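Residues per chain are reported as follows:
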Amino acid sequence: MATPSSGLTGGPATAGATGCLETEVSQSSLFSLAGLESGDAVELEHALRNTAGTATATEVARQLEFLAIALRNTVNIFNPEAIVLDGFLGILHALAPGTLEELIRFQALDGPAEEVKIHRSALGPDLMMIGAAELAFARFLADPASVGILPAPNPLKG
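Residues numbered from 1 in each chain as written. Predicted model: local features only at pLDDT ≥ 70, side-chain atom pairs only at ≥ 80, totals over all residues. Heavy atoms only, no water.

**What to know about the packing of helix α2 (residues 27-34) against helix α4 (residues 54-78)**
Between two packed helices, the angle of one axis relative to the other and the distance separating the axes together describe the packing. What counts here: Throughout, an axis means a line fitted to C-alpha atoms (over the contacting stretch in the case of helices), and angles, computed between N-to-C directions, take values from 0 to 180 degrees. Numbered from the N terminus, helices here are DSSP runs of H or I no shorter than four residues, and strands are runs of E no shorter than two. Every angle not falling under 35 degrees, over 145, or within 65 to 115 is termed oblique; those three ranges are roughly parallel, roughly antiparallel and roughly perpendicular. Between two residues, a contact is recorded if the distance between any of their heavy atoms is within 4.5 Å. Only Asp, Glu, Lys and Arg are considered charged, only Ala, Val, Leu, Ile, Met, Phe, Trp, Tyr, Cys and Pro nonpolar, and every remaining residue, Gly among them, polar.
Relative to each other, α2 and α4 sit at 175°, their axes nearing to 11 Å. In terms of axis orientation, α2 runs roughly antiparallel to α4. Here Ser29, Leu30 and Leu33 of α2 come into contact with α4, specifically with Ala55, Thr56, Glu59 and Gln63. Along the lines of polarity and charge, the residues of the contact of α2 with α4 split into 3 nonpolar, 3 polar and 1 charged.

**Here we look at the confidence of the model for the protein**
Heads up, the condition is: The predictor attaches a confidence to each residue, called pLDDT, with possible values from 0 through 100.
Residues at a pLDDT of 70 or more form 79% of the protein, whose mean pLDDT is 82. Ranking the elements of the protein by mean pLDDT puts helix α8 (residues 127-136) last with 66 and helix α6 (residues 99-107) first with 95. Counting interchain partners and residues more than four positions distant, the pLDDT-below-50 stretch residues 1-7 has 14 contacts.

**Details of the pattern of salt bridges**
As a reminder, the rule being used: Note on definitions: salt bridges are taken to be side-chain nitrogens of Lys or Arg within 4 Å of carboxyl oxygens of Asp or Glu. Per-residue accessibility, obtained with a 1.4 Å probe over protein chains only, is compared with the maximum for each type, and a residue is labelled buried under 20%, exposed over 50%, and partly exposed between these values.
A full pass over the atoms with the stated rule returns 4 salt bridges. Here Glu24 makes a salt bridge to Arg62, at a shortest N to O gap of 2.6 Å. One end of the pair, Glu24, is in helix α1 (residues 21-24); the other, Arg62, is in helix α4, and 38 residues separate them in sequence. For the salt bridge of Glu45 with Arg49, the shortest nitrogen-to-oxygen distance reads 3.1 Å. Linking Glu45 with Arg49, this pair stays in helix α3 (residues 41-50), spanning 4 residues, or about one helical turn. Since its relative accessible area comes to 15%, Glu45 is described here as buried. Judged by its relative accessible area of 43%, Arg49 is partly exposed.

What follows is the structure in structure tokens.
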């Protein structure tokens, strides 16, 4: 059973507090663990899966414990139906399937914790491209009727 470690306090953050999410759930520490200086999410996941061992499992579990604390609060306050994780958070979730769900069920209020589903984003490395494409159509998506009638393409023009 995945339960929070006793004495989970976290390290010092840049602002002087301890246990800040940005400090404890960190892509940079995963890159270091994988032996990479930089890269994208696909490279990071591949490297972490190939360096699977005690150190990797321990760091993934530690980061998931802190992520569960943040998500527990989200679940308790907003009672979402689903939480979608992308980037390195999606990688953490994929490296230890079921762990985050179990931690949230253990920590959050019973009703919301049982109902929320956690998913990894299906957009993968295309996330930024798809998001940018949506920006180009933001006005149309917000109010399609405001655009008016669009001209039909002329098949005779080449």
